[in-house]
Amino acid sequence: MAQDSVDLSCDYQFWMQKLSVWDQASTLETQQDTCVHLARFQEFLRKMYEALKEMDSNTIFERFPTIDQLLAKACWNPFILAYDESQKILIWCLCCLINKEPQNSRQSKLNSWVQGVLSHILSALRFDKEVALFTQGLGYAPIDYYPGLLKNMVLSLASELRENHLNGFNTQRRMTPERLASLSRVCVPLITLPDVDPLVEALLVCHGHEPQEILQPEFFEAVNEAILLKKISLPMSAVVCLWLRHLPSLEKAMLHLFEKLISSERNCLRRIECFIKDSLLPQAACHPAIFRVVDEMFRCALLETDGAPEIIATIQVFTQCFLEALEKENKQLRFALKTYFPYTSPSLAMVLLQDPQDVPRGRWLQTLKHISELLREAVEDQTHGSRGGPLESWFLFIRFGGWAEMVAEQLLRSAAEPPAALLWLLAFYYSPRDGRQQRAQTMVQVKAVLGHLLAMSRSSSLSAWDLQTAAGQDTDTDPRAPAQQLIRHLLLHFVLWAPGGHTIARDVVTLLAHTAEITHEIIGFLDQTLYRWDRLGIESPRSGKLARELLKELRTQV
């Protein structure tokens, strides 16, 4: 690697001297020398580009202080521009010099200079001396008219592409597939130039009538990379077209989102929500084909992590962002619900899609019972058109996890006999793979814990140890078991809502968080609870303050 760097530096000095000689003389001998060296110079340009693309603009000038002079001399040499792929590689090298977000006037001037040179390259082989003399006669120097020329060329091509899209099967007026492919190839090194945005957008939304994709894969990849890194901003319609036409770009967008989520702070749903909205994926998922791909990748992540709480929480936030985007795009669904959730009961999907905010509190219990009935029929009786089995129904249910959390609160805040429908919902949410008998045992266990908690809520003195014992958390049972996780969450709900729970909340959390894994689980529970309370507007000042204090204390411990 170090040897390659030395070789490139030596080559750089050699070609800088050559270009200076070619630039200063236009004799037959220098022209012949230029032609003899064209192939070698193009190979040097390729190596140069491979090095430049790995650096930012500042680093490039630190290592190659005269790089702008070298490229300028090459760009104004007609023999170099006319040779093979040298013109294209020069464009790539120039684009590496651009500062995406110029911080000072020097960087802004450099960007303007690069755009001027790019305009010259694009026009150099298409306009003869008469055109140059005409523009000079009007008083315009090349640096003045080249940027305008590029802009006008882009707008003209974009207009032609829009007409091509509207012409449909009028083959006489359609742009040929070869020209479309060529245009997409030429755009690759220019994608981050603001003036080229209209052409990029027009290419993406212009659908040909060929059986196979016409545009170059490199074009899709470059556009997708620029979108993910926020180097360009395109209308949502163009982004949707990109991800519909090039599946690898959509998959890369999802992987990019996963990478950002993994590298961010754990259990911070507000930050996760920002990442998700910023990814444009919820908005694009309003198209069912994109939704199904995103949905499938979330399923894979969920299965790979064995239902990790962090993944479930992320899916729930994504679903909420998706529903907001869907409502914003159109008050009435453009596509039937069946296109988004093809393997689940439409009636179940409809009731889960309801935002709890839109359901009066007095009807929450009735709605939860209805959800339980529909889920139970889908899981145990396989009716209502459900074809995906228990996991399919569970995956739909966990998307709308707010309903499950409401179950626990409804059970803890009611003095009545716990409804079997709500006990079943909790048991299913935490352990979807259980059979009927095992789920029934969990329901009995949860009912007993609820009875103990209800009795203790009437006690004048609460003890964290007594609470833990009553809930069976002091036994040798595996704390990672789904039933134990369910009971831990009931205890946390209890100390947040019960009148005397606040006095022992810290002691209860200390007893429960005896491993790093459970500590992270409790942090996630508190963060998710606060996030949901904030959305639903049901937070009590006292409970909210306590939850935030506990969350802050636990985060300092991990």
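Scroll up a little and you will see the structure.
Residues numbered from 1 in each chain as written. Predicted model: local features only at pLDDT ≥ 70, side-chain atom pairs only at ≥ 80, totals over all residues. Heavy atoms only, no water.

1. Re the nonpolar core
Ranked by size, the top nonpolar core spans 180 residues in total, and within it Ile67, Leu204, Phe219, Val223, Trp243 and Phe397 carry the most contacts. The leading source of residues in this core is helix α18 (residues 309–329), at 11 residues. Look past the residues within four positions of phenylalanine 397 in its chain and what remains in contact with it is Leu352, Ile371, Leu375, Trp403, Ala404, Leu425, Phe428 and Tyr429. (Core = buried A, V, L, I, M, F, W, Y, C linked by side-chain atoms within 4.5 Å. Buried < 20%, exposed > 50% of the residue type's maximum accessible area, 1.4 Å probe, protein only. Helix = DSSP H or I, 4+ residues; strand = E, 2+ residues; numbered from the N terminus. Contact = heavy atoms within 4.5 Å.)

2. Considerations on the environment of valine 558
Within the fold, valine 558 resides in the segment after α30 (541–557). On a C-alpha basis, the gap between valine 558 and alanine 516 in space is 7.5 Å, while along the polypeptide they are 42 residues apart. Dropping the residues within four chain positions of it, valine 558 is found in contact with Thr519, His520 and Ile523.

3. Observations concerning unusual backbone geometry
For leucine 280, which is not a glycine, the phi torsion comes out positive at approximately 70°. By the secondary structure assignment, leucine 280 is in the loop between α15 (269–278) and α16 (281–284). The phi dihedral of aspartate 306 falls on the positive side, at around 55°, and the residue is not glycine. Summarising the element assignment, aspartate 306 is placed in the loop between α17 (288–304) and α18.

4. As for the pattern of salt bridges
A complete count under the given rule lists 20 salt bridges for this structure. Put simply, glutamate 273 and arginine 270 hold a salt bridge, and the shortest N to O gap is 2.8 Å. Taken together, the positions of glutamate 273 and arginine 270, both in helix α15 and three residues apart, correspond to about one turn of that helix. Residue classification places arginine 270 among the partly exposed positions, given a relative accessible area of 37%. Three or more residues joined by partner-sharing salt bridges are found here, namely Arg270, Glu273, Lys277, Glu324 and Asp534. (Salt bridge = Lys/Arg side-chain N within 4 Å of Asp/Glu carboxyl O.)

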